[in-house]
Amino acid sequence: MIVLLTLAKVFFLITLLGFGGANGVLPLLHEQLVHVTKFISEEQFVGLVGVSQLTPGPILINSATYAGLTVYGITGATVTTILVVLPSFFILSGAMSLKHHSEAIFSTIREGFRPLALALLGVGILVLVSTVVFPEGSSYPSFKAIFLITIGFFYIWVIKKPSLYLFISLGCLSITWDFFIGS
Amino acid sequence: MEEIEKKAFSLKTLFTNFFSISMFTLGGGYSMLLPLYEFYVKEKKLISQEDWDEAIIISQSSPGAFAVNLAYLVGYYTHGIWGAIIAIIGMVLPSFLSMLTLGSLMIYFFDGSTMKTFLFGVACGPVAYYVDAFYRSAVKAFKEIKVILAFMLFIVLIYYFKLPILSVISIALATVLVQVILLFFKTKFK
């Protein structure tokens, strides 16, 4: 029960203070789930990032549902999903009630948060790179991860947006690499 | 004429529309922008262009998932508060259900090393995607020296002083709130 309450608190805080969508929330999620509460391991966090790209729908909702599912089963998944939606529901209801001067206020907020959103995106990249390229317990970088990220770069450079084919082919390439070269 | 069209567009169609858009779009909220815009602004003309521009600003500057904020506003502009609730449910349900089925399978098979290797490969994709997104928004935002200084301040606070990210966000929130309150009084007591 304490686990469930802590999970609920973590996700409530993340949605209340998580500016910048799923990209900005990623470092927060890593800090809260892996370091502060220690609910999931580094390896499971990599799994969380992977799975939430594969299923349809908003990525933040996907990660919340998967984290809840890993920590506390279906009850946890329901609680985290509801708590990811509720704060933004109430905030927007409040925003709609002061509608006549909301546009100026909201553009001020967006301009004010632009540096923070960029910084969070940068920290998110560093977190992902450090978990994927420099895995725990090994002293040298994983060449497989560098190879796969390079392929991802070329894909994004040419096609301009990520797609399911990219993610599935990266996963299959990873299995092939392990099969022929070893991890 | 407009009234009849608005009535014909019932809550049920709103729900099925959001359900199908969420079900068949991968890649999060930003890839849902185009189908929603095509349907509600271009095709059905339920939302005016001004309202749509405002909705994007509001949903980008509110905390939480971008797609959920957008669903709230689209539902609110077409059907009021009930429309907002129905649109959010339609947006969240496909994601929740598919994650329950796929996620349970993943957790069941997660001990298998093949599944771990597969997800490791999938997680390499977002790195490339995030670096691309970072580059594109940095080119736009780094024209002002103020933005660059604030950006470096946040990075130093998180990486050098090891402040928890939640408190860094709270600091930023406080400064932005002060700006907003000043703006509010400026417009009110003119």
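Higher on the page you've got the structure.
Residues numbered from 1 in each chain as written. Chains lettered and ligands numbered in written order. Predicted model: local features only at pLDDT ≥ 70, side-chain atom pairs only at ≥ 80, totals over all residues. Heavy atoms only, no water.

1. Structural notes on unusual backbone geometry
Reasoning step 1: A positive phi angle, close to 55 degrees, is found at A:K38, a residue other than glycine.
Reasoning step 2: Counting through the fold element by element, A:K38 comes out in the loop between α2 (21-36) and α3 (42-54).
Reasoning step 3: Owing to a relative accessible area of 63%, A:K38 belongs among the exposed residues under this scheme.
Reasoning step 4: A positive phi angle is found at B:K45, which is not glycine, with a value near 55 degrees.
Reasoning step 5: On the secondary structure map, B:K45 appears in the loop between α3 (33-43) and α4 (49-61). (Helix = DSSP H or I, 4+ residues; strand = E, 2+ residues; numbered from the N terminus. Buried < 20%, exposed > 50% of the residue type's maximum accessible area, 1.4 Å probe, protein only.)

2. Observations regarding the packing of α2(A) against helix α8 (residues 165-188) of chain B
Reasoning step 1: Two elements in contact, α2(A) and α8(B), have axes whose closest approach is 9 Å; the angle formed by their N-to-C orientations is 135 degrees. Here α8(B) runs oblique to α2(A), going by the angle between their axes. On α8(B), the residues that touch A:P27, A:L28, A:E31 and A:Q32 of α2(A) are B:I165, B:L166 and B:I169.
Reasoning step 2: Across the contact of α2(A) with α8(B), the residue classes tally to five nonpolar, one polar and one charged. (Axes fitted to C-alpha atoms, helices over the stretch in contact; angles between N-to-C directions. Parallel < 35°, antiparallel > 145°, perpendicular 65-115°, else oblique. Contact = heavy atoms within 4.5 Å. Nonpolar A, V, L, I, M, F, W, Y, C, P; charged D, E, K, R; others polar.)

3. As for helix α5 (residues 66-109) of chain B
Reasoning step 1: Its 44 residues give α5(B) an end-to-end C-alpha distance of only 31 Å, which falls more than 12% under 64 Å, the value for a rise of 1.5 Å per residue.
Reasoning step 2: The axis of α5(B) is deflected most strongly, by about 145 degrees, at B:H79. (Expected span 1.5 Å × (residues − 1). Bend = angle between axes of the 7 residues up to and from the residue.)

4. Quick notes on the environment of B:C124
Reasoning step 1: Along the chain, the position of B:C124 falls in helix α6 (residues 113-141).
Reasoning step 2: Taking the relative accessible area as the measure of exposure, B:C124 reaches 0% and is therefore buried.
Reasoning step 3: Setting aside residues up to four positions removed in sequence, B:C124 forms contacts with A:V132, A:A145, A:L148, A:I149 and A:L170.

5. Description of the state of the cysteines
Reasoning step 1: Summed over the entire model, instances satisfying the criterion amount to zero disulfides over all chains.
Reasoning step 2: A:C172 takes part in no disulfide bond, and the closest cysteine sulfur to it belongs to B:C124, at a distance of 13 Å.
Reasoning step 3: A:C172 gets classed as partly exposed once you look at its relative accessible area, which sits at 39%. (Disulfide = S-S within 2.5 Å.)

6. Remarks on α3(A)
Reasoning step 1: Across its 13 residues, α3(A) extends 19 Å between first and last C-alpha, which sits within 8% of the 18 Å expected from 1.5 Å per residue.
Reasoning step 2: What α3(A) keeps buried is the set A:E42, A:F45, A:V46, A:G47, A:L48, A:V49, A:G50, A:V51, A:S52, A:Q53 and A:L54.

7. Quick word on the nonpolar core
Reasoning step 1: Core analysis: the biggest nonpolar cluster contains 117 residues, and A:F11, B:F18, B:Y40 and B:W52 have the highest contact counts within it.
Reasoning step 2: With 18 residues, the single largest contributor to this core is α5(B). (Core = buried A, V, L, I, M, F, W, Y, C linked by side-chain atoms within 4.5 Å.)

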